[in-house]
Amino acid sequence: MLSFLYARQSGLDDPVRLRRAESTRRVLSLELNHNRDVARVHGNGINTLDIEVIDGRYMLSGGSDGVIVIYDLENNSKKLQYSCKTICTVGRSSRHVHKFSVETVQWYPHDTGMFVSSSFDKTMKVWDTETLKPAEEFQFDGNVYCHHMSPVARKHSLIAVGTKDPKVQLCDLKSGSRIHILQGHRGEILSVRWSPRYEHILATASTDSRVRVWDVRRASGSLFTLDQQNGDKSKASSEAVNTAHNGRANGLCFTADGLHLLTTGTDDRMRLWNSATGENTLVNYGKVVNESRKGLKFTVSRGCSPEFVFVPCGTSVAVYGLHSGELITMLRGHYNNVDCCEFHPDYQEVYSGGKDCNILAWVPVLRQPDIEDEENNSKRGGTQAAVNPAFEDAWSSDEG
Amino acid sequence: MSRKRALIADTFCLKRRRSAADAVAGDSHEGAADIRSSLQNLMTLFSRKLFNDSLPPVVLKHQLYSLHSDRTSVDKQLNELRASGELLMFQLGFDSEAFALVFAEDYRAKVLQGEAGRETLETVEKFLDKLIPGCSDLSFNKEKMLKEFLFTDSEITQLVKSGVLTVRDAGSWWLSIPNSGKFIKYFIKGRKAVLGMVKKSKYSEILKTELEGRRTTSHVKFQMKYHIHDIVGAELVECIQTTSGTVLRYVDGNIN
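Nothing here was measured: the structure is a model prediction, and the numbers come from that model. (Residues numbered from 1 in each chain as written. Chains lettered and ligands numbered in written order. Predicted model: local features only at pLDDT ≥ 70, side-chain atom pairs only at ≥ 80, totals over all residues. Heavy atoms only, no water.)

Novice: How should I be thinking about the side chain of His-62 of chain B in this particular structure?
Specialist: Along the chain, His-62 of chain B falls in helix α3 (residues 61-67). Leaving out residues up to four positions away in the same chain, His-62 of chain B has contacts with Ala-98, Arg-191, His-229, Asp-230, Gly-233 and Ala-234 of chain B. (Helix = DSSP H or I, 4+ residues; strand = E, 2+ residues; numbered from the N terminus. Contact = heavy atoms within 4.5 Å.)

What follows is the structure, encoded as structure tokens:
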């Protein structure tokens, strides 16, 4: 660590290198911390979490009871023990609350004045954060499984919506109408995701085992379908030709640079694809247990040197190396199935929510405070900071 | 959970990297040789006498995963061996992810041995000549057989009769091992029996050494180690390291 600091100081190394090395070390030491807690508000399982992009301070959560809660993640108290408080909730008593389970919530990508939620009551609502009233409501014919707004869009403000209908709908925030339909899938759309690199590229995953990548500017169909055999028709049985998974494809996540796409399916496999060509990179993650009937929400770390994937696997969150495919560790702590997880890029923390109505915060723990230092602190009333053992010497006295 | 030794990223292990730098150079060659030796080890576990010596030694791809931890590099090295024509891969049919591996010379020897004296011998020889050095496909469709390989319809029928090709779809065939039906039947039965043994143990877990020492029923025809590599590699049981050795714990939610 000191060598990294020295290299940065003298200009031998790029500044990014120190940052990446430290981020990676922090992610590798993620643990459940009894100092950090998230207030428990939901009465039923938590389906989705979203942390806003601008400050990384506010987190949205949507539950199976239709309740939406906003938390403040920042620790303004001087104490180590901190419980993330709720700022406001759209509870069951609100007039505009969703009737059934909320499946996806997302902050408006450019500020926290607005957020969008979609639910099994076949509606998608655009909420004003100040008044907690919906400014816009979109009605659909079937259950809405997921929606996504592009995080980098400047020229359009489209929300892609995946419902029970095989057609992917694009809704426009500016005009408030549904302006575009993407046809091509043959089953329910379980997951949609915009690319974080190009504002016109959209990926969709469906129960017909196919994952398609679209350019919304094109009038004709999808750009390409992800094929797990990379076009080698001889490997698969005839029905499984040109599919991304051997079961339902239910999870999608782009890496932070948008160059790779991860997909998960109910065949217990996770695959990594090159998002420009649609080629399967054939990284073998082993068995990634996946029994979800709806979409699976997982996340990739940002800013680390070998990137990590955090996937909910049963009652724990599995951490895999992105390009190596090895299982690094399992984060165990939930009492019931985990449904969603979200990575906080500034603090390298992971928040996960599940059917046990808890949101757990996994915080990097780097160095245990020395027991001796703690005793000294309590003697002096905590006024003097603990001396680093590296700077202590045997002949100077502690007092004075 | 508290770990005794924390995970350290590669970037921080500079000392280890410097000393291992010399070993890195010869890595890829060693890697392929590594897989080859593991394959040969696994092939010795295959019981030839069971099939009256009519089958070449068969190993399943996921058995290699129980020996090597990095699956992606195992896959890469297997593809290299297949491309060089040393190894053949077959789709067995009972599981879309179960692939059988056979060394090309063994395959050739056994197939010709089985075909000796039959009228299909010539066609099979022609097919093997086309297949072994160049082609690494798992299945063939009609176009390929007629145009590329220049086989006639009657010759294709002869190949199917001899067992080298099995029907996959109208107009396409899987590459297969002749007389492998018995192998698949015994294999599936044995796998079920071994998994049943693990499941019936107290807490559904058993020490690996204890399982190897158990008496097998008549359902289990292969060697116990062969089946253990199979269930560990296919992740049908979880492998847990304990102070008394490796423990295999049955994973709930399996179909078998």
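After that view of the structure, there is still more to cover.
Novice: Just to check I follow, could you spell out the sheet that holds strand β21 (residues 269-274) of chain A for this structure?
Specialist: Think of a sheet as strands paired side by side through backbone hydrogen bonds, with each pair either parallel or antiparallel. Residue and element names in this part refer to chain A. Taken in spatial order, the 3 strands of this open sheet run β19-β20-β21, and their pairing is antiparallel. Of all the strands in the sheet, just β19 (249-254) and β21 have a single pairing partner and so form its edges. Ignoring which end each strand starts from, the neighbouring axes of this sheet average 20 degrees apart. Examined bridge by bridge, strand β20 (residues 260-265) and β21 share 6 bridges and lie antiparallel to one another. Bridging across to β21, Thr-264 finds its partner in Met-270. (Pairing = 2+ DSSP bridges. Axes fitted to C-alpha atoms, helices over the stretch in contact; angles between N-to-C directions.)

Novice: Is there a simple way to think about the sheet that holds strand β3 (residues 46-51) of chain A in this case?
Specialist: Residue and element names in this part refer to chain A. Pairing is mixed in the open sheet, where 5 strands are placed in the order β2-β6-β5-β4-β3. Each edge of the open sheet is held by one strand with a lone partner, namely β2 (36-38) and β3. In this sheet, neighbouring strand axes are inclined to one another by 25 degrees on average, regardless of whether the strands run parallel or antiparallel. In the sheet, strand β5 (residues 68-72) pairs with strand β6 (residues 82-90) via 5 bridges, with the strands oriented antiparallel. Residue pairing for β6: Tyr-71 is matched across the bridge by Thr-86.

Novice: What should I look at first to understand the pairing of strand β17 (residues 211-215) of chain A in this one?
Specialist: Consecutive side chains of a regular strand alternate in pointing toward one face of the sheet and then the other. All names here are of chain A. Across the 5 residues that make up β17, a large majority, 5, are buried. Here β17 shows no split at all, with Val-211, Val-213 and Asp-215 on one side and Arg-212 and Trp-214 on the other all buried. Sheet topology places strand β16 (residues 201-206) next to β17; 5 bridges connect them, and they run antiparallel. Residue Ala-205 lies in a different strand from β17, and its bridge partner there is Val-211. In textbook terms, the turn of a hairpin is the stretch between consecutive antiparallel strands, and for β16 and β17 this stretch comprises 4 residues, one of which, Ser-209, has a positive phi near 70 degrees. As paired elements, β17 and strand β18 (residues 224-225) share 2 bridges and run antiparallel to each other. In the sheet register, Val-213 faces β18, and the bridge partner there is Phe-224. (Buried < 20%, exposed > 50% of the residue type's maximum accessible area, 1.4 Å probe, protein only.)

Novice: Even after reading the chapter, I still don't get the state of the cysteines, so can you show me in this structure?
Specialist: What is meant by a disulfide is a covalent connection between two cysteines, made through their sulfur atoms. Residue and element names in this part refer to chain A. Counting across every chain of the model gives 0 disulfides over all chains. Free cysteine Cys-171: the closest other cysteine sulfur is in Cys-146, separated by 12 Å. Residue classification places Cys-171 among the buried residues on the basis of a relative accessible area of 0%. Free cysteine Cys-313: the closest other cysteine sulfur is in Cys-341, separated by 9.9 Å. (Disulfide = S-S within 2.5 Å.)

Novice: Just checking my understanding: could you explain helix α6 (residues 121-134) of chain B for this structure?
Specialist: Structurally, the α-helix is built with 3.6 residues per turn, so residues lying three or four positions apart point the same way. Residue and element names in this part refer to chain B. Compared with the 20 Å implied by 1.5 Å per residue over 14 residues, the 21 Å span of α6 between its first and last C-alpha is a close match. Taken together, the buried positions of α6 are Thr-123, Val-124, Phe-127, Leu-128, Leu-131 and Ile-132. Taken around the axis of α6, the buried residues stretch over an arc of 145 degrees, which confines them to a single face. Away from the buried face of α6 by more than 90 degrees, exposed residues Glu-122, Pro-133 and Gly-134 are located. (Expected span 1.5 Å × (residues − 1). Arc of directions from axis to C-beta.)

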